[in-house]
Amino acid sequence: MSGTQTDIFAQDYTKDCFSAAAINGLQLKNRFIKAGTFENMTPSGTPSQQLNDFHGTLADGGIAMTTLGYCAVEMDGRLNENMMYMHEDIRPQLNELIDDLHARGTKVSGQMGHCGGFSKNRELSRRRPLGPSFGLNGLGLSRGMLFCDAMTTKDIKNLITSYREAAAFMKSVGFDALEIHFGHGYGLCQFMSPKTNKRKDNYGGSFENRMRLPLQVLAAVRDAVGSNFPLLAKISMTEGVRGGLHYDDAVEISKLLDEAGIDGIITSGGTSTMNPMIMFRGGNILPGMLRTEESRLMRFALRLMGKSMFKDYPYHELYFLEQAKRIRDAVSCKMIYVGGASSNASFTTLMEQGFDFIQLGRTLLSDPDLPLRAKMDTGFVSRCTHCNDCVSTIESPNGIHCTQFSS
Ligand SMILES: Cc1cc2nc3c(=O)[nH]c(=O)nc-3n(C[C@H](O)[C@H](O)[C@H](O)COP(=O)(O)O)c2cc1C
């Protein structure tokens, strides 16, 4: 298969999604990057054969770079105990996985995540998770961790060290690029957001102060990997909640990340903590969550609060395009579009609009060979219906999958 792929993507198209392009020296054979989607194929935090097979199938389907979703930078950075965190014990599994994907012609990015004060991790080393400020930890309800505590300055220093060490580790195991998660309501986003950051010290208050930790993290990660290594930033252009970050803030955030040396910005939106549906528009995920949630207490809370948290955002193609264009106009780094790109017509629009790469989430679950298929069929439209049932498989023992189409 990889021989066919090399041929198929070798032709020199100017600025089309099947042409090769580089990001900080990393050559990608086409413009398609798998978006980080936490796979739940790392039982007790260890990468499994299933994870290899999952990404291997995407590699055989022609993706230029795949992303290992949610690689926690430290043990307490996990949402749950089945997420992996970056440490020496998993070096052999990561080496094997990455070597295999390289042999199949695909580059590998790792999404660096930290949950901050949003966690139900049974193996947490403390009584409660740590965020910028004391507050609610909705996810922890079923585990008796309804609140999170505020980080001290020492905790913040330790967190920066964790990012630095995780980045060095990830580069050393063979990742080709790293994607720092600045969005979706996770740890760094909690610091950036006036909604969740109520600190009175120089990590809270003004925009400049709220951006201090994210920029220190970026500097530490850059320091660990060196200047010739691709670093991407995934941001939420809006949190979708009153008092949170919005599209105008995202332009300013992007400018700062660009000036600080990020190589590419991924323009997502929403928060897993307060308003997730902005992120993956389409079928509402609340019914699926009620169906799969094991905790009665959590189901009760979802019935009570769910309607206000899981608002309806009907799907339409390229739903972040107009706002992502504002960021494109404000920065000089590469632009990586994510959100509702599921047909050749959309891919062409993105290329015409000056985006450099396209991240794909759900469409690669329904059509793992999307790049190859799209290359062969000019009228290609993904089978994904955006029903969002895949989101309710996120804690399935089989890992995430499309419930409509198996391959
Ligand atoms: C099952 C599932 C899991 C996801 N997990 C993550 C994740 O771990 N990290 C992340 O940044 N985004 C995650 N996302 C969001 C996707 O990366 C992407 O931003 C979103 O699905 C919109 O892109 P799409 O329209 O191509 O699916 C997830 C999405 C899905 C459907």
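Rules and cut-offs
- Numbers given to residues run from 1 along each chain, matching the order in which its sequence is written.
- Reporting in this predicted model follows two pLDDT cut-offs: at least 70 for local features of residues, and 80 or more for side-chain atom pairs to be given and counted; totals over whole chains, interfaces and linings ignore these cut-offs and use all residues.
- Derived side-chain values reflect all non-hydrogen atoms in the structure, with water molecules and hydrogen atoms excluded from consideration.
- Runs of E in the DSSP output that reach at least two residues are strands. Runs of H or I that reach at least four are helices, and both are numbered from the N terminus.
- Multiplying one less than the number of residues by 1.5 Å gives the expected span of a helix.
- Using a 1.4 Å probe on the protein chains alone, a residue whose accessible area is under 20% of its type maximum counts as buried, one over 50% counts as exposed, and one in between counts as partly exposed.
- In short, DSSP must find at least two bridges between two strands for them to pair.
- Aromatic pairing here means that ring centres of Phe, Tyr or Trp (its six-membered ring) are within 6.5 Å. Orientation follows from the plane angle: under 30 degrees is stacked, over 60 is edge-to-face, and everything else is tilted.
- Over a ring means this: the NZ of a Lys or the CZ of an Arg is within 6 Å of the ring centre and within 35 degrees of the ring normal.
- Working definition: residue near molecule or strand if any one of its non-hydrogen atoms lies within 4 Å of it.
- Whenever two N or O atoms come within 3.5 Å, that pair is a polar contact, provided that in protein one can donate a hydrogen and the other can accept it, and provided that, for residues adjacent in sequence, both atoms are side-chain atoms.
- To be clear on the numbers: accessible area is Shrake-Rupley with a 1.4 Å probe, and residue cover counts the displayed protein chains and nothing else.
- Each residue gets one label: Ala, Val, Leu, Ile, Met, Phe, Trp, Tyr, Cys and Pro are nonpolar, Asp, Glu, Lys and Arg are charged, and the others, such as Gly, are polar.
- By definition, the crossover connecting two strands over a helix is right-handed if that path, from the first strand to the second, turns clockwise as seen with the strands pointing away from the viewer.
- In this text, buried Ala, Val, Leu, Ile, Met, Phe, Trp, Tyr and Cys residues form a nonpolar core when linked through side-chain atoms within 4.5 Å.
- We call two residues in contact whenever any of their non-hydrogen atoms come within 4.5 Å of each other.
- Each salt bridge in this description consists of a side-chain nitrogen of Lys or Arg and a carboxyl oxygen of Asp or Glu lying within 4 Å of one another.

1. Points about helix α7 (residues 212–225)
So, step 1. Given a rise of 1.5 Å per residue, 14 residues ought to cover 20 Å, and the 20 Å separating the end C-alpha atoms of α7 matches this to within 8%.
So, step 2. Taken as a whole, α7 has its buried residues at L213, P214, V217, L218, A220, V221, R222 and V225.
So, step 3. At the C-terminal side of α7, G226 shows a positive phi close to 90°.

2. So, the sheet that holds strand β6 (residues 130–131)
So, step 1. The 3 strands are arranged β6-β8-β7 in an open sheet whose pairing can be described as mixed. Every other strand in the sheet has two partners, leaving β6 and β7 (135–136) as the edge strands with one partner each.
So, step 2. Alignment of β6 against strand β8 (residues 147–150), held across 2 bridges, turns out to be parallel. Looking across to β8, one finds that G131 is bridged to A150.

3. Brief notes about the packing of aromatic side chains
So, step 1. Counted under the stated rule, the structure contains 7 aromatic pairs.
So, step 2. On the numbers, 5.3 Å between centres and 15° between planes, the contact of F134 with F147 is stacked. Of the two residues, F134 is situated in the loop between β6 and β7 and F147 in strand β8; the sequence distance between them amounts to 13 residues.
So, step 3. Taking the centre distance of 5.8 Å and the plane angle of 75° together, the rings of Y337 and F355 count as edge-to-face. Placement of the pair is Y337 in strand β12 (residues 334–338) and F355 in the loop between α12 (344–352) and β13 (357–360), with a sequence separation of 18 residues.
So, step 4. The exposure class of Y337 is buried, given its relative accessible area of 0%.
So, step 5. A residue is classified by how much of its surface remains accessible, and F355, at 0% relative accessible area, is buried.
So, step 6. What links up through ring pairs into an aromatic cluster is the set F18, F32 and F347.
So, step 7. Between the NZ or CZ atom of K375 and the centre of the ring of F18, over which it lies, the distance is 5.6 Å.

4. Considerations on the site of the ligand
So, step 1. With respect to spatial proximity, 23 residues lie near the ligand, and among them G36, Q111, H181, G340 and R362 are the closest.
So, step 2. Contacts to the ligand include H181, whose side-chain N or O atom sits 2.8 Å from an oxygen atom.
So, step 3. The contact in question runs from an oxygen atom of the ligand to an N or O atom on the backbone of G340, over 2.8 Å.
So, step 4. Expressed as a share of its isolated accessible area of 610 Å², the protein-covered part of the ligand is 97%.
So, step 5. Here the residues of the shell around the ligand are counted per class, giving 12 nonpolar, 9 polar and 2 charged.

5. Examining the pairing of strand β11 (residues 264–268)
So, step 1. Among the 5 residues that make up β11, 5 are buried, leaving the element largely enclosed by the rest of the structure.
So, step 2. Side chains of β11 alternate between two faces, with G264, I266 and S268 and I265 and T267 buried alike.
So, step 3. Each parallel crossover has a hand, and the one from strand β10 (residues 231–236) via helix α8 (residues 247–259) to β11 is right-handed.
So, step 4. By the bridge criterion, 4 bridges tie β11 to β12 in an arrangement that is parallel. Counted as the bridge partner of T267 is Y337 from β12.

6. Points about the nonpolar core
So, step 1. Ranked by internal contacts, the top residues of the largest apolar core, which has 94 residues, are L94, M112, L178 and F347.
So, step 2. Looking at this core element by element, the count peaks at 9 residues for helix α4 (residues 153–173).
So, step 3. Every residue in contact with L94, bar those within four places of it in the chain, is listed here: P47, L68, M84, M86, F169, V173 and F175.
So, step 4. Within the second largest apolar cluster, 14 residues are counted, among which are I23, A64, L232 and I266.

7. Considerations on the pattern of salt bridges
So, step 1. All told, the structure shown has 20 salt bridges when counted by the stated rule.
So, step 2. Between R122 and E81 there is a salt bridge whose closest N-O contact spans 3.2 Å. Here R122, found in the loop between β5 (107–113) and β6, pairs with E81, found in the loop between β4 (65–72) and α3 (91–103); they are 41 residues apart in sequence, far enough to count as distant.
So, step 3. You can call R122 exposed: its relative accessible area is 59%.
So, step 4. Residues D149 and R128 are paired through a salt bridge, measuring 2.9 Å at the closest nitrogen-oxygen approach. Of this pair, D149 sits in strand β8 while R128 sits in the loop between β5 and β6, placing them 21 residues apart in sequence.
So, step 5. Through salt bridges with shared partners, one network takes in D367, D369, R373 and R383.

8. Comments concerning the environment of Q359
So, step 1. Structurally, the position occupied by Q359 is in strand β13.
So, step 2. C-alpha of Q359 to C-alpha of G185: the two residues are 174 residues apart in sequence and 19 Å apart in space.
So, step 3. Ignoring anything within four residues of it in the chain, the contact list for Q359 reads I33, K34, A35, G36, T67, E179, K234, I266, I336, Y337 and V338.
So, step 4. In this structure the side chain of Q359 is engaged in a polar contact, spanning 3.1 Å, whose partner is the side chain of E179.

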